[in-house]
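Per-entry structural report
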Amino acid sequence: MTEVVILSVPLFSTLCNEAFKLRRSVFISEQNVPADEEFDEADLSAHHIVAIQAGEVAGTLRIVYLDDHVKIGRVAVGAQWRGHGIASAMIRFAMEAHCAVRGNRFYLTAQSDKVALYEKFGFTAFGDEFLDGGMPHLAMRNY
C-alpha cells in the first residue's frame, strides 16, 4: 500500500469538496446522521485536513479554534481505508500543526466505540455519555 499523505486544504477547494463528499458518505449514508446536523457554520472557519491514499481522499477531519482549546471534529475515513492508520495519521498531523494555538489544549467528542483511538493521543474522557447524531459520544480532552 502506498504511503498516506496528509494535507491542510482550503475551504471549497477540490480536495475539501472531496472531503465533504466523504463526510456525507460516512456520517449521513453509513451512520444515519441527519443531513442538517452534519455540516454547520463551523465548517466555514475550520481548518480542513485530508488524507490522500492511492490518489483519492481517504480521510478527513476539521480543526476549530475555540476560546479554551482546539477542537478536533468530523473525523471520517472511507470504509475501504479503515484499519490502515489513516485516522491516527490525521490526528497526529492536526495536533502537531495546531499545538501552539491554545497551548496544546485539544478537545473532541468521540463516538463511544472510538475512545481507545483518542486515548493513544493522550485524550481522557470526562462527563456523561450523550447522544450526538443519534450515536453515543463522550467528551474528551488532553489537558
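Bear in mind the structure is a predicted one, so any value in this text is a computation, not a measurement. (Residues numbered from 1 in each chain as written. Predicted model: local features only at pLDDT ≥ 70, side-chain atom pairs only at ≥ 80, totals over all residues. Heavy atoms only, no water.)

Describing helix α1 (residues 14-30)
Over its 17 residues, α1 extends 23 Å from the first C-alpha to the last, a length consistent with the 24 Å expected when each residue adds 1.5 Å. The set of residues buried in α1 consists of Cys16, Ala19, Phe20, Leu22, Arg23, Val26 and Phe27. (Helix = DSSP H or I, 4+ residues; strand = E, 2+ residues; numbered from the N terminus. Expected span 1.5 Å × (residues − 1). Buried < 20%, exposed > 50% of the residue type's maximum accessible area, 1.4 Å probe, protein only.)

Digging into the sheet that holds strand β5 (residues 106-111)
Overall, mixed pairing links the seven strands, which are arranged β1-β2-β3-β4-β5-β7-β6 in an open sheet. Either end of the sheet is taken by a strand with one partner, and the two such strands are β1 (5-9) and β6 (124-132). Averaged over all neighbouring strand pairs, the angle between strand axes comes to 25 degrees, with direction disregarded. Note that β1 and strand β2 (residues 47-53) share five bridges and pair antiparallel. If you follow Val5 over to β2, its bridge partner there is Ile52. Relative to the sheet, α1 contacts β1, β2, β3 (56-65), β4 (70-77) and β5, its axis offset from that of β3 by approximately 95 degrees. Strands in contact with helix α4 (residues 86-98) are β1, β2, β3, β4 and β5; relative to β3, the strand with the most contacts, it is inclined by about 35 degrees. (Pairing = 2+ DSSP bridges. Axes fitted to C-alpha atoms, helices over the stretch in contact; angles between N-to-C directions. Contact = heavy atoms within 4.5 Å.)

Looking at unusual backbone geometry
Despite not being glycine, Phe12 shows a phi value in the positive range, around 70 degrees. In this fold, Phe12 is placed in the loop between β1 and α1. The backbone phi angle of Asn104 is positive, close to 60 degrees, even though this residue is not glycine. Within the element layout of this structure, Asn104 appears in the loop between α4 and β5.

With respect to the side chain of Glu38
Take Glu38: it is sitting in helix α2 (residues 35-38). Of note is the side chain of Glu38, whose polar atom sits 2.7 Å from the side chain of Arg23. Beyond its immediate chain neighbours, meaning those up to four positions away, Glu38 contacts Arg23, Arg24, Phe27, Ile28, Val33, Asp43 and Arg74. (Polar contact = N/O pair within 3.5 Å; in protein donor to acceptor, adjacent residues only side chain to side chain.)

With respect to the layout of surface pockets
Size it by volume and the largest pocket reaches roughly 740 Å³. What lines the largest pocket is a set of 34 residues, and nearest its centre among them are Phe27, Val75, Ala76, Gln111 and Tyr118. Here the lining of the largest pocket takes seven residues from β4, the largest share from any one element. Along the lines of polarity and charge, the residues of the lining of the largest pocket split into 15 nonpolar, 10 polar and nine charged. The computed volume of the second largest pocket comes to approximately 150 Å³. As for the second largest pocket, its lining consists of Glu18, Lys21, Leu22, Ser25, Val26, Glu30, Glu56, Val57, Gly78, Ala79, Gln80 and Trp81. Those elements that provide at least two residues to the lining of the second largest pocket are α1 and β3. Top element by residues in the lining of the second largest pocket is α1. It accounts for six residues. A per-class count over the lining of the second largest pocket returns five nonpolar, three polar and four charged. (1 Å grid on protein atoms, 1.4 Å probe; cavity = no way out; pocket = protein on both sides within 12 Å on 5 of 7 lines; lining within 4 Å. Points joined across faces, edges and corners; volume = space filled by probe spheres on them. Nonpolar A, V, L, I, M, F, W, Y, C, P; charged D, E, K, R; others polar.)

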